[in-house]
Amino acid sequence: MKLISRLVTHISEHPALFLFFRGLLENDFVSIRELIRNEMLAGEHLRTLDLGCGPGAFARHFPADSYVGVDINARYIGYARRRFHGDFRVGDARRLEFPDGFFNQVLIFGLLHHVDDAIVHAMLGECRRVLTAGGSILVIEDIPAVSRLNVIGHLIHLAENGRHIRPPEAYRRLYSEIFTIEKERIIASGICDYHAAVLRR
Ligand SMILES: C[S@@+](CC[C@H](N)C(=O)[O-])C[C@H]1O[C@@H](n2cnc3c(N)ncnc32)[C@H](O)[C@@H]1O
């Protein structure tokens, strides 16, 4: 398991490899992209924050001049700037540099399962602050593999560095402390299973 874990860490350190392998495991993110198209708006006048944007693979769903991607990893942000259109910034989701009510919507994909409950609370508090009244978040987070037969899914979770993969009810509890949960569902993306929710400020 240590070997697989080191391999996953190595892959995560290289943005192009990270995207390639995740795309392979997640069927090129077909179901995630469909969810984003269905649940988020893409108008020119709407400001979107992609929090924990990683190498920026989802920027293309939004007009470049209204999309901001923030990630703590400077290497991912450097890659995103070279590959995709948008405003990519190195930053910490616990302390955002934007004014109150700046964004209409936030995308969070695969960020919160890396951090403990207190940090989730801080990050969601910042999201609430930077969202307009009535603004929304689409949050998609890893859950334990639904099927016991999904051996690769279980192995990946054991090996990856997301130490806070939670069951849906734990995400629900955290979200409802700060937002209204408007919709939620379990979604399969290749061999990965996620809890997806639309939260409203
Ligand atoms: C699994 S990756 C998901 C990246 C991207 N959303 C995607 O799906 O391709 C999690 C991301 O969260 C970022 N991250 C972790 N802690 C963070 C923090 N405190 N502030 C901003 N980004 C953070 C990591 O650098 C990493 O890029």
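None of the values given here were measured: they were computed from a predicted structure.

Participant: Explain the sheet that holds strand E3 (residues 87-90) residue by residue, including any values.
Facilitator: In spatial order, the strands read E3-E2-E1-E4-E5-E7-E6; together these seven strands make up an open sheet with mixed pairing. One side of each edge strand has no neighbouring strand; the edge strands of this open sheet are E3 and strand E6 (180-189). Neighbour to neighbour, the strand axes of the sheet diverge by 15° on average, direction disregarded.

Participant: Describe the environment of Ile36, listing the residues and the values that go with them.
Facilitator: Along the chain, Ile36 falls in helix H3 (residues 30-39). Sequence separation between Ile36 and Phe58 is 22 residues, and the spatial gap between their C-alpha atoms is 8.7 Å.

Participant: Before we move on, can you summarise the packing of aromatic side chains with the specific residues and values?
Facilitator: Under the defined criterion, the tally for this structure stands at twelve aromatic pairs. Between Phe18 and Tyr76, the aromatic rings sit 5.2 Å apart at their centres with planes inclined by 25°, giving stacked as the arrangement. Here Phe18, found in helix H2 (residues 15-25), pairs with Tyr76, found in helix H4 (residues 74-83); they are 58 residues apart in sequence, far enough to count as distant. Note on Tyr76: relative accessible area 9%, which makes it buried. Members of the aromatic cluster, connected to one another through ring pairs, are Phe29, Phe58, Phe109 and Tyr194. A cation over a ring is seen here: Arg47 above Phe102, with NZ or CZ 4.0 Å from the ring centre.

Participant: Can you break down the pattern of salt bridges residue by residue, with the values?
Facilitator: Inspection of the entire model under this criterion finds 13 salt bridges. One salt bridge in this structure joins Arg89 and Asp87, with 2.8 Å as the shortest N-O distance. In this structure Arg89 comes out as partly exposed when scored by relative accessible area, which is 25%. Accessibility expressed as a relative area gives 29% for Asp87, which makes it partly exposed.

Participant: Account for H2, naming residues and giving values.
Facilitator: Listed in full, the buried residues belonging to H2 are Pro15, Phe18, Leu19 and Gly23. Buried residues of H2 fall within an arc of 120° about the axis and therefore sit on the same side. Of the residues flanking the end of H2, it is Asn27, one or two places downstream, whose phi is positive at about 50°.

Participant: Give a detailed account of unusual backbone geometry, specifying residues and quantitative values.
Facilitator: A positive phi angle, near 50°, is found at Asn27, a position not held by glycine. By the secondary structure assignment, Asn27 is in the loop between H2 and H3.

Participant: Describe in detail the nonpolar core, supporting the description with residues and values.
Facilitator: Counting residues in hydrophobic clusters, the biggest one holds 29 residues, and the most contacted among them are Leu49, Leu51, Ile108, Leu112, Leu124, Ile137 and Tyr175. Looking at this core, the elements with two or more residues in it are strand E1 (48-51), strand E2 (67-71), strand E4 (103-109), helix H5 (117-130), strand E5 (131-142), helix H7 (168-176) and strand E7 (192-200). Counting residues per element, this core draws most heavily on H5, which supplies five residues. Cys53, Phe58, Ile187 and Val198 belong to the second largest nonpolar core, which has 26 residues in total.

Participant: Talk me through a nonpolar patch on the surface; I want residue IDs and the actual numbers.
Facilitator: Among the surface-exposed residues, Leu17, Phe20, Phe21 and Leu24 lie close enough to one another that they form a single nonpolar patch of about 380 Å² accessible area. Along the polypeptide, Phe21 turns up in helix H2.

Participant: Tell me about the site of the ligand, and name the residues and values.
Facilitator: Arg22, Gly52, Asp71, Ala93 and Phe109 are the nearest of the 18 residues found near the ligand. Here Ile72 contributes a backbone N or O atom positioned 3.3 Å from a nitrogen atom of the ligand. Note that a nitrogen atom of the ligand is positioned 2.8 Å from one of the backbone N or O atoms of Phe109. Protein burial of the ligand: of its 590 Å² of free accessible surface, 90% is covered by the chains. Each residue belonging to the shell around the ligand can be placed in one class, and the counts come to nine nonpolar, six polar and three charged.

Participant: Account for the side chain of Glu126, naming residues and giving values.
Facilitator: Within the fold, Glu126 resides in helix H5. Sequence-distant contacts of Glu126, defined by excluding residues within four places in its chain, comprise Ala93, Arg94, Arg95 and Leu96.

About the thresholds
- Residues numbered from 1 in each chain as written.
- Predicted model: local features only at pLDDT ≥ 70, side-chain atom pairs only at ≥ 80, totals over all residues.
- Heavy atoms only, no water.
- Pairing = 2+ DSSP bridges.
- Helix = DSSP H or I, 4+ residues; strand = E, 2+ residues; numbered from the N terminus.
- Axes fitted to C-alpha atoms, helices over the stretch in contact; angles between N-to-C directions.
- Phe/Tyr/Trp six-rings, centres within 6.5 Å; stacked < 30°, edge-to-face > 60°.
- Buried < 20%, exposed > 50% of the residue type's maximum accessible area, 1.4 Å probe, protein only.
- Lys NZ or Arg CZ within 6 Å of the ring centre and 35° of its normal.
- Salt bridge = Lys/Arg side-chain N within 4 Å of Asp/Glu carboxyl O.
- Arc of directions from axis to C-beta.
- Core = buried A, V, L, I, M, F, W, Y, C linked by side-chain atoms within 4.5 Å.
- Patch = residues over 30% accessible without salt bridge, like charges linked within 9 Å, V, L, I, M, F, W, Y side chains within 5 Å.
- Areas by Shrake-Rupley, 256 points an atom, 1.4 Å probe, with all protein chains shown as cover.
- Near = heavy atom within 4 Å.
- Polar contact = N/O pair within 3.5 Å; in protein donor to acceptor, adjacent residues only side chain to side chain.
- Nonpolar A, V, L, I, M, F, W, Y, C, P; charged D, E, K, R; others polar.
- Contact = heavy atoms within 4.5 Å.

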